[in-house]
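Examination of the molecular architecture
Letter by letter, the chains look like this.
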Amino acid sequence: MKKLSCAEGEGAAVRKWAEDSLWAEREYYEMDREYVACVRDILEHPVFQLMEQYIQHGSTTCRIHCIKVSYLAYRICGKFGWDQVQAARAGLLHDLFLYDWHTHAKETGKHFHGFTHPRTALDNAVLHFQLTEKEKDIILCHMWPLTVVPPKSPEGIAVCYADKVCGLAETVSGIREKVTFAFRIRGRKVT
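If you're wondering where the values come from, they're calculated on a predicted model, not measured in any experiment. (Residues numbered from 1 in each chain as written. Predicted model: local features only at pLDDT ≥ 70, side-chain atom pairs only at ≥ 80, totals over all residues. Heavy atoms only, no water.)

Here we come to the confidence of the model for the protein. When pLDDT is averaged along the protein, the result is 82; 67% of the residues meet or exceed 70. Per-element confidence in the protein ranges from a low mean pLDDT of 61 for helix α1 (residues 10-19) to a high of 98 for helix α6 (residues 84-93). (pLDDT = per-residue confidence, 0-100. Helix = DSSP H or I, 4+ residues; strand = E, 2+ residues; numbered from the N terminus.)

Now for unusual backbone geometry. Looking along the chain, the bond that leaves W144 and enters P145 is cis, with omega of 15°. One can find P145 in the loop between α9 (133-141) and α10 (154-190).

The next subject is the pattern of salt bridges. Should their charged atoms come close, side chains of opposite charge can pair. Tallying each qualifying case throughout the model produces nine salt bridges. When the shortest N-O distance is used, the salt bridge between E52 and R63 registers 2.8 Å. In this pair, E52 sits in the loop between α4 (46-49) and β1 (55-57) while R63 sits in helix α5 (residues 62-80), placing the two residues 11 residues apart along the sequence. The salt bridge involving R119 is made with D123; its shortest N-O contact spans 3.8 Å. Pair noted here: R119 and D123 are both in helix α8 (residues 113-128), with a separation of four residues, about one helical turn. Take R119: its relative accessible area is 44%, and that puts it in the partly exposed class. (Salt bridge = Lys/Arg side-chain N within 4 Å of Asp/Glu carboxyl O. Buried < 20%, exposed > 50% of the residue type's maximum accessible area, 1.4 Å probe, protein only.)

Take the packing of helix α3 (residues 33-43) against α6 next. Where α3 meets α6, the axes come as close as 9 Å, and the angle between the chain directions of the two elements is 30°. Comparing the axis directions of α3 and α6 gives the class roughly parallel. Taken as a pair, α3 and α6 cross one another with a handedness that is right-handed. For the pair α3 and α6, the contacting residues are Y35, C38, V39, D41, I42 and L43 in the first and V85, A88, R89, L92 and L93 in the second. A per-class count over the contact of α3 with α6 returns nine nonpolar, no polar and two charged. (Axes fitted to C-alpha atoms, helices over the stretch in contact; angles between N-to-C directions. Parallel < 35°, antiparallel > 145°, perpendicular 65-115°, else oblique. Left-handed = near helix turned anticlockwise from the far one by under 90°. Contact = heavy atoms within 4.5 Å. Nonpolar A, V, L, I, M, F, W, Y, C, P; charged D, E, K, R; others polar.)

A word on the nonpolar core. Counting residues in hydrophobic clusters, the biggest one holds 43 residues, and the most contacted among them are Y35, F48, L92, L93, L96 and I139. The biggest single contributor to this core is α5, with 12 residues. (Core = buried A, V, L, I, M, F, W, Y, C linked by side-chain atoms within 4.5 Å.)

Here we come to α6. Burial within α6 is extensive, with eight of its 10 residues counted as buried. Within the sequence span of α6, burial applies to Q86, A87, A88, R89, A90, G91, L92 and L93. Looking at where α6 begins, the residue whose side-chain oxygen comes 3.1 Å from the main-chain nitrogen of V85 is D83. (Polar contact = N/O pair within 3.5 Å; in protein donor to acceptor, adjacent residues only side chain to side chain.)

See the structure below:
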């Protein structure tokens, strides 16, 4: 088994990349023809497109978040010789819950989104896409360790990792935007 390690500076580069949503918004991932070939049906599907209307973390939409997770997991799996296709496809569908999780509990009385949305995403995904058992497991277990059962495959670990990296980077970026905006407004009032 290949040693799982990053080259010097690779971790910082991944964090910086995860904070930047412009490459996904501008669809630069389409330059990677091999990636697009394995996920085009999902990217173009109307149900996947619905995720654009929901904010995931900070100001990042659920659709863009899933593209980032998918592509990062795809690249990780490529580096280690794992199944890139299943990681990419499951990464796109891992958050296919199709509601605003920020207001979901207040509107429905259903709490614990972090624990329950993997099942909702999987249920939605199987309605619209053909999934392998591995892809189902990746979607269902992507919130580990919040959910008890860990992913069964290295591809699942890659998606889980990519989700955490992207989610944290998007959240921090959103906080940074709000703090910067607050200081700009405060600065204008003072002068």
